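Residue-level structure breakdown
Each chain, letter by letter, is given below.
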Amino acid sequence: PLISLGGLPDSDNDGAPDTCDAICLELGMQADDYIDNDLPIPSVQGRVIDGYITGATVFLDINFNGQLDGNEPSTITGDDGLYNLSLSDEHVQCLAFSPIFVDVPVGAVDNDLGVINQPFTMVSPPNFGIFNDNQNVNITPLTSVLWDQILLLLEDNLGDDLSCDLVRQEST
């Protein structure tokens, strides 16, 4: 089912949670009448850790190309490597089926080693539907090694032209 504002299921994609559809529509209410725009925006949060990294770009790679594209959500890590990646409804649907990449540029800061002099990338692999809204996603060198192995399996089974939609379709 599609996800409505606030993270509640919205299988008919009318902007109203399924639990409210019948009751609200019987009362003659429109979707705009019962959507609470003050609800928190769906997001995923965690830390970038190789020593905590400040100043790195975190993004949901929905087309599996390893690069930040204009339609992909992104954020910059703050103090102690913390990030909060805001997601649209479409991105929430892709979260469990797409990797989260981190580009660590020259000039970012590793709390243990200081200023980064050599850029690098880390990745957290998709969890294929096990994602919990309250779960933090920490991205580390170990998650990157795991991603390398998962990517090989995905390419062996689904081909080289991977995407959120393809992986989601084949995983459900």
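Residues numbered from 1 in each chain as written. Predicted model: local features only at pLDDT ≥ 70, side-chain atom pairs only at ≥ 80, totals over all residues. Heavy atoms only, no water.

Re the overall build of the protein
Here is the rule: Helix numbering and strand numbering both begin at the N terminus, where a helix is a DSSP run of H or I of at least 4 residues and a strand a DSSP run of E of at least 2. Burial classes follow relative accessibility: with a 1.4 Å probe on protein chains only, a residue under 20% of its type's maximum area counts as buried, one over 50% as exposed, and anything between as partly exposed. Residue contacts follow a heavy-atom distance rule, with two residues in contact if any of their heavy atoms lie within 4.5 Å. Using the Shrake-Rupley algorithm and a 1.4 Å probe, accessible areas are obtained, with residue cover drawn only from the displayed protein chains.
The helix and strand tally for the protein stands at five helices and nine strands. In the protein, the order of α-helices and β-strands from amino to carboxyl end is α-α-β-β-β-β-β-α-β-β-β-β-α-α. Burial status across the protein gives 35% buried among its 172 residues. In the protein, once contacts between residues fewer than 6 apart in sequence are set aside, the share between residues at least 24 apart is 58%. Per element, the accessible surface of the protein, about 9600 Å² overall, is 51% carbon and sulfur.

What to know about the side chain of Glu72
Test applied: Neither His nor the chain ends is counted toward charge; the positive residues are Lys and Arg and the negative residues Asp and Glu. A pairing counts as a salt bridge when a side-chain nitrogen of Lys or Arg comes within 4 Å of a carboxyl oxygen of Asp or Glu. Polar contact criterion, stated in full: a pair of N or O atoms within 3.5 Å, where within protein one must be able to donate a hydrogen and the other to accept it, and residues adjacent in sequence count only if both atoms are side-chain atoms.
Positionally, Glu72 belongs in the loop between strand S3 (57-60) and strand S4 (74-76). One buried charged side chain, Glu72, makes no salt bridge at all; its nearest oppositely charged neighbour is Arg168, positioned 13 Å away. Engagement of the side chain of Glu72 in a polar contact is seen with the backbone nitrogen of Ile62, the distance being 3.1 Å. Contact partners of Glu72, with chain neighbours within four places excluded, come to Phe59, Leu60, Asp61, Ile62, Asn63, Gln67 and His91.

A closer look at helix H4 (residues 141-158)
Quick reminder of the rule: Every helix has an expected span of 1.5 Å times one less than the residues it contains. Regarding the arc, it is the one traced by the directions from the helix axis to the C-beta atoms.
In this model, H4 (18 residues) spans 25 Å end to end at C-alpha, consistent with the 26 Å of a helix rising 1.5 Å per residue. When we look at burial in H4, the residues that qualify are Thr143, Ser144, Trp147, Ile150 and Leu154. Mapping the buried residues of H4 onto a view down its axis gives an arc of 120°, with all of them on the same face. Facing away from the buried side of H4 by over 90 degrees, the exposed positions are Leu142, Leu153 and Asp156. Turning to H4, the residues buried within the fold contact strand S6 (100-104), strand S9 (120-124) and helix H5 (164-171). The N-cap residue of H4 is Thr140: its side-chain oxygen and the backbone nitrogen of Leu142 are 3.2 Å apart. Two residues or fewer past H4, Gly159 is found with a positive phi of approximately 95°.

A closer look at the sheet that holds S9
Note the cut-off: Two strands pair under a simple rule: DSSP has to find at least two bridges between them. Under this scheme, a helix contributes an axis fitted over its contacting stretch, all axes are lines through C-alpha atoms, and angles between N-to-C directions fall in the 0 to 180 degree range.
As summarised here, the arrangement of the four strands in space is S4-S3-S6-S9, forming an open sheet in which the pairing is antiparallel. The open sheet terminates on both sides in strands that have one partner only, identified here as S4 and S9. Averaged over neighbouring strand pairs, the angle between their axes works out to 20° when direction is ignored. Relative to S9, H4 is tilted by about 70°, and along the sheet it contacts S6 and S9.

A few points about the pairing of strand S1 (residues 43-47)
The side-chain alternation of S1 yields one buried face, formed by Val44 and Gly46, and one unburied face, formed by Ser43, Gln45 and Arg47. Taken together, the five bridges between S1 and strand S5 (residues 82-86) define a ladder with antiparallel strand orientation. Note that in S5 the partner of Val44 across the bridge is Leu85.

Describing the confidence of the model for the protein
In low-pLDDT regions, the fine details of the predicted coordinates are not to be read closely. The test is simple: By definition, pLDDT measures how confident the predictor is in each residue, and it falls between 0 and 100.
The predicted model of the protein has a mean per-residue pLDDT of 82, with 73% of residues at 70 or higher. Across residues 1-7, confidence stays below pLDDT 50; counting only partners more than four residues off in sequence or on other chains, it has 24 contacts. Here residues 23-39 is a poorly scored stretch, pLDDT under 50, and it has 17 contacts once near neighbours within four places are set aside; other chains count.

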